[in-house]
Amino acid sequence: MSITAEEIATQPECWERAAGLAPRVAGSLPAAGERVAVVGCGTSWFMAQAYAVLRERAGHGLTDAFAASEFPYGREYDRIVAITRSGTTTEVLELLRKVRGTVRTTAVIGDPETPIVDLVDELVVLDFADERSVVQTRFATSVLALLRTHLGEDLAPAVADARRAIAEVLPPDLLGAEQFSFLGTGWSYGIALEAGLKMREAAGAWTESYPAMEYRHGPIAITGPNRVAWVFGDLPEGLDGDVARTGGRLEAAGTDPLADLIRVQRLAVAIAEAHGLDPDTPRNLTRSVVLS
């Protein structure tokens, strides 16, 4: 079994630990009413997008999400939250250096022995969810589990869905599909973006991601036989019929979107291995982007 597959399988336990940690680190996380920017790169950026929607939906206040390289300096926030597994990503470190002393900062990290420790006001460490694999799985989802719990959600149903997602047998026709369109609504759009990235990283697969209601506005043209439209969360009315008319396959588990992401993670590993690829060390990727 690959390292990535082993780490994927630990997510239910990691989420439970993250949920248990949430009350103890509440003072380091955004308080209700704060104007918050959440930043990250790659997978962390997609988790930031999901959290931003969830926080605003919960009534906790304005929340924006940015790729670290695209942060709008000069815009006023009460807190910046940086999500970074390694704590060494160049764009995140540069951002935190630039804003140091002007706004309160929090970093959620996997490895506490990194340069970011000296650049932020508050630190939340999820070392139990850190990973050896280049491909992020359990760290990112554990961060979102922590943040969802902090917003008042009960993670128990998501954990139960996650255990089922790990135990189920992947449909063989998904392993042979040539293209995937991942779709989400609200916070699950961030999950759809992450699903597409995971398949590209681990398996080199052809994937696209869109807001679910935008799928009909052009992207549906790519769907057809041996291609998949995968919906996270609620299925928009009539979309099942639209996909059926293309001849494509619809995947819509209707479970917690974060748990459904586990099925994509597992599928990415399975496709990689079927094509002779190593999911632990994807082509052209490193664990952290450190620019000279």
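Every chain's residues receive numbers from 1 upward, in the order its sequence appears when written. Given that this is a predicted model, residues contribute local features only at a pLDDT of at least 70 and side-chain atom pairs are listed and counted only at 80 or more, while totals for whole chains, interfaces and linings are drawn from all residues. With hydrogens and water excluded, all non-hydrogen atoms of the structure serve as input to the side-chain values.

For the rest of this paragraph, the subject is the packing of helix H2 (residues 11-21) against helix H6 (residues 156-167). Taken N-terminus to C-terminus, the directions of H2 and H6 make an angle of 165°; their axes are 9 Å apart at the nearest point. By the criterion of interaxial angle, the relationship of H2 to H6 is roughly antiparallel. For the crossing formed where H2 meets H6, the hand is right-handed. Here H2 contributes Pro 12, Glu 13, Trp 15 and Glu 16 to the contact with H6, which in turn contributes Ala 158, Val 159, Ala 162, Arg 163 and Ile 166. Axis geometry follows a simple rule: fit a line to the C-alpha atoms, using only the stretch in contact for helices, then measure angles between N-to-C directions, giving values from 0 to 180 degrees. Where helices and strands are cited, they refer to DSSP runs of H or I of at least four residues and of E of at least two residues respectively, numbered from the N terminus. Oblique is the label for any angle not covered by the other classes, which are roughly parallel (under 35 degrees), roughly antiparallel (over 145) and roughly perpendicular (65 to 115). The hand of a helix crossing depends on one turn: near helix anticlockwise from the far one by less than a right angle means left-handed, and clockwise means right-handed. Here a residue-residue contact requires only that any non-hydrogen atoms of the pair lie within 4.5 Å.

This part is about the pattern of salt bridges. The salt bridge criterion pairs a side-chain nitrogen of Lys or Arg with a carboxyl oxygen of Asp or Glu, the two atoms within 4 Å. Under the definition given, this model contains 20 salt bridges. The shortest N-O distance in the salt bridge between Arg 163 and Glu 13 comes to 3.6 Å. Placement of the pair is Arg 163 in helix H6 and Glu 13 in helix H2, with a sequence separation of 150 residues. Across the pair Arg 75 and Asp 64 runs a salt bridge whose closest N-O atoms are separated by 3.8 Å.

Strands belonging to one sheet form pairs held by backbone hydrogen bonds; the direction of such a pair is parallel or antiparallel. At least two bridges found by DSSP between two strands is the condition for calling them paired. Strands sit in the order E2-E1-E3-E4-E5 across an open sheet of five strands; the sheet is parallel. Edge positions in the sheet fall to strand E2 (63-67) and strand E5 (122-125), since each has one partner strand and no second. Each neighbouring strand pair of the sheet contributes to a mean axis angle of 20°, computed without reference to strand direction. The pairing of strand E3 (residues 79-84) with strand E4 (residues 104-109) spans six bridges and is classified as parallel. In the sheet register, Arg 79 faces E4, and the bridge partner there is Arg 104. In the packing of helix H3 (residues 43-57) onto the sheet, contacts are made with strand E1 (36-40), E2 and E3, and the angle to E2 comes to roughly 170°.

Once that is clear, we can look at the nonpolar core. Membership of the largest hydrophobic core comes to 67 residues, with the highest contact counts inside it found for Trp 15, Leu 126, Leu 146 and Phe 180. Per-element tally for this core: the top contributor is helix H10 (residues 257-274), with 10 residues. Apart from the residues within four sequence positions on either side, Leu 126 is in contact with Leu 21, Val 108, Ile 109, Gly 110, Phe 139, Ser 142, Val 143 and Leu 146. Among the nonpolar cores identified, the runner-up in size contains 19 residues, and Phe 66, Phe 71, Leu 93 and Leu 119 belong to it. The definition of a nonpolar core used throughout is a set of buried Ala, Val, Leu, Ile, Met, Phe, Trp, Tyr and Cys residues joined through side-chain atoms within 4.5 Å. Three exposure classes are used, based on accessible area relative to the maximum for each residue type with a 1.4 Å probe and protein chains only: buried under 20%, partly exposed in between, and exposed over 50%.

Working definition: rings of Phe, Tyr and Trp (its six-membered ring) pair if their centres are within 6.5 Å, and the pair is stacked with planes under 30 degrees apart, edge-to-face with planes over 60 apart, and tilted otherwise. Throughout the structure, instances matching the rule amount to nine aromatic pairs. Aromatic side chains Phe 71 and Tyr 77 sit 6.1 Å apart centroid to centroid with 45° between the ring planes, which places their arrangement in the tilted category. Its relative accessible area of 7% is what places Phe 71 among the buried residues. Overall, the relative accessible area of 9% leaves Tyr 77 in the buried class. An aromatic cluster of at least three residues, connected via ring pairs, comprises Phe 66, Phe 71, Tyr 73 and Tyr 77.

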